[in-house]
Amino acid sequence: MHIVVCMKQVPDSGQIRVHPVTNTIMRQGVPTIINPYDLFALEQALQLRDKLGGTITMLTMGPQMAEDSLRKAMAFGADRAVLLTDRFFAGSDTLATSFALATAIRKVGDTWGKPDIVFTGKQTIDGDTAQVGPGIAKRLDLHQLTYVAKIAEIDLAGRSITVERRAEGGVQVLRTQLPCLITMLEGTNSIRRGSMADTLRAARAEVVKWSAADAGIEDLTKCGLRGSPTVVKRVFAPTAREEKAHLIDTTGLGTDQIAQALMTEVLTRVPAIEGDLQRAAASY
Ligand SMILES: Cc1cc2nc3c(=O)[nH]c(=O)nc-3n(C[C@H](O)[C@H](O)[C@H](O)COP(=O)(O)OP(=O)(O)OC[C@H]3O[C@@H](n4cnc5c(N)ncnc54)[C@H](O)[C@@H]3O)c2cc1C
């Protein structure tokens with residue numbers, strides 16, 4: 001079995017700062033971490049490998065410094081790591097990111113065997129769009145299972161997989177064919193501690209580095225800013241609201257009294273709506 005896990009290196013959320021002039025996230029000198037959602041995808045992949053054998057390939061598109069995060073992932077137990085890094089990828093939106101990653105996954109397949117499963121996290125903590133996983137699945141014509149909470153059954157010989165997917169109002173049980181792409185939900189497992197052996201192996205291991213050309217990307221107009229219809233115009237921290245929440249003590253009050261207390265509160269804060277409410281009440 002061959003599993004590919006897409007993992008993004010992100011700025012440590014507690015340290016995110018916005019550049020006052022360019023309005024983009026300042027990455028220089030900001031500590032980076034593995035995107036937390038991707039750790040659940042990695043742990044799920046490790047559990048499958050423990051059960052069914054095979055290998056795990058980590059894949060990151062990012063700057064040279066993303067090598068650190070890939071080494072950490074190998075210290076958790078991943079078998080190999082590929083860093084897709086090239087200045088042509090700068091400013092990529094999700095369309096350009098999924099293009100570059102999908103092309104690289106094809107090359108991973110040609111090099112180490114076609115993947116049976118491609119895992120991504122549900123989303124990242126910086127872009128936060130949850131679009132890259134489905135974008136990769138579409139480009140590679142893979143069945144996609146998003147918001148997966150649990151892998152219930154996997155039949156490698158019969159080429160099928162059954163998962164539990166968290167959806168509004170409950171859990172869906174879905175079955176599809178392999179190969180597939182899975183976006184893993186957060187909180188679905190706990191990432192293991194890497195073994196000493198894996199930590200030493202990761203420290204010595206080579207992180208494979210691919211440029212756009214190495215990954216077989218010919219059409220550079222689909223990469224980076226040129227390949228990105230979405231341009232992040234401004235990133236800003238919303239201004240904190242002055243107004244504080246006000247708790248209404250409803251102890252011992254009946255429903256009508258609670259409704260009355262709420263109405264009084266609303267009308268005190270926004271007297272202007274009294275007229276609208278009266279008109280609305282009159283039309284009943
Ligand atoms: C504040 C902010 C807002 C943004 N808003 C948008 C927007 O609205 N539209 C848009 O198109 N772009 C947007 N971007 C750019 C977007 O972040 C990048 O395109 C990014 O590379 C991928 O999108 P994402 O972070 O939302 O990933 P998601 O789609 O949230 O990521 C899902 C999963 O895909 C995998 N993945 C994502 N990126 C990589 C990577 N580089 N390497 C390996 N695996 C990866 C991971 O497994 C991850 O868990 C924004 C960026 C920032 C910082």
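Residues numbered from 1 in each chain as written. Predicted model: local features only at pLDDT ≥ 70, side-chain atom pairs only at ≥ 80, totals over all residues. Heavy atoms only, no water.

Engineer: Kindly report on the side chain of Glu67, identifying the contributing residues and their values.
Structural biologist: Residue position: Glu67 is located in helix H2 (residues 67-76). A polar contact of 2.7 Å, which involves the side chain of Glu67, links it to the side chain of Lys209. Ignoring anything within four residues of it in the chain, the contact list for Glu67 reads Leu83, Val207 and Lys209. (Helix = DSSP H or I, 4+ residues; strand = E, 2+ residues; numbered from the N terminus. Polar contact = N/O pair within 3.5 Å; in protein donor to acceptor, adjacent residues only side chain to side chain. Contact = heavy atoms within 4.5 Å.)

Engineer: Hey, could you go over helix H3 (residues 94-112) for me, with residue numbers and the actual values?
Structural biologist: For H3, which comprises 19 residues, the first-to-last C-alpha distance of 26 Å matches the rise-based estimate of 27 Å (1.5 Å per residue) to within 8%. Two or three places before Leu95, at the opening of H3, Asp93 has a side-chain oxygen 2.9 Å from that residue's backbone nitrogen. Two residues or fewer past H3, Gly113 is found with a positive phi of approximately 105°. (Expected span 1.5 Å × (residues − 1).)

Engineer: Lay out the site of the ligand in plain terms, naming residues and giving numbers.
Structural biologist: Taken together, 29 residues surround the ligand, and among them Cys6, Asp38, Thr124, Thr129 and Gln131 come closest. Backbone polar atom of Ser92 to an oxygen atom of the ligand: 2.8 Å apart, as the coordinates give it. Between the ligand and the protein, one listed contact pairs an oxygen atom with a side-chain N or O atom of Thr129 at 2.6 Å. Here the ligand loses 87% of its free accessible area of 910 Å² to cover by the protein chains. Secondary-structure elements contributing two or more residues to the shell around the ligand are strand E4 (55-61), H3 and strand E6 (117-121). The class makeup of the residues in the shell around the ligand is 9 nonpolar, 13 polar and 7 charged. (Near = heavy atom within 4 Å. Areas by Shrake-Rupley, 256 points an atom, 1.4 Å probe, with all protein chains shown as cover. Nonpolar A, V, L, I, M, F, W, Y, C, P; charged D, E, K, R; others polar.)

Engineer: Hey, could you go over the packing of aromatic side chains for me, with residue numbers and the actual values?
Structural biologist: Tallied over the entire structure, the rule returns 1 aromatic pair. Centroid distance Trp112 to Trp210: 5.9 Å. Interplanar angle 15°. Geometry classified as stacked. One end of the pair, Trp112, is in helix H3; the other, Trp210, is in strand E11 (residues 208-210), and 98 residues separate them in sequence. Residue placement shows Arg87 over the ring face of Phe88; its charged tip is 4.5 Å from the ring centre. One cation-aromatic arrangement involves Lys107 over Trp210; the distance from NZ or CZ to the ring centre is 5.1 Å. (Phe/Tyr/Trp six-rings, centres within 6.5 Å; stacked < 30°, edge-to-face > 60°. Lys NZ or Arg CZ within 6 Å of the ring centre and 35° of its normal.)

Engineer: Run through the domain arrangement of the protein, naming residues and quoting values.
Structural biologist: Splitting the protein by domain gives domain 1 (2-227) and domain 2 (241-284). One C-alpha centre belongs to domain 1, the other to domain 2, and the line joining them spans 48 Å. (Domains from an automatic or database assignment.)

Engineer: Help me get a handle on the pairing of strand E5 (residues 80-84), residues and values and all.
Structural biologist: The buried count for E5 comes to 5 of 5 residues, which makes it a mostly enclosed element. Residue alternation in E5 divides its side chains into two sets, Arg80, Val82 and Leu84 and Ala81 and Leu83, and both sets are buried. Pairing between E4 and E5: 5 bridges, direction parallel. Residue pairing across strands places Met61 opposite Leu84, the latter belonging to E5. Judged from the 3 bridges that link them, E5 and E11 form a sheet pairing that is parallel. If you follow Val82 over to E11, its bridge partner there is Val208. (Buried < 20%, exposed > 50% of the residue type's maximum accessible area, 1.4 Å probe, protein only. Pairing = 2+ DSSP bridges.)

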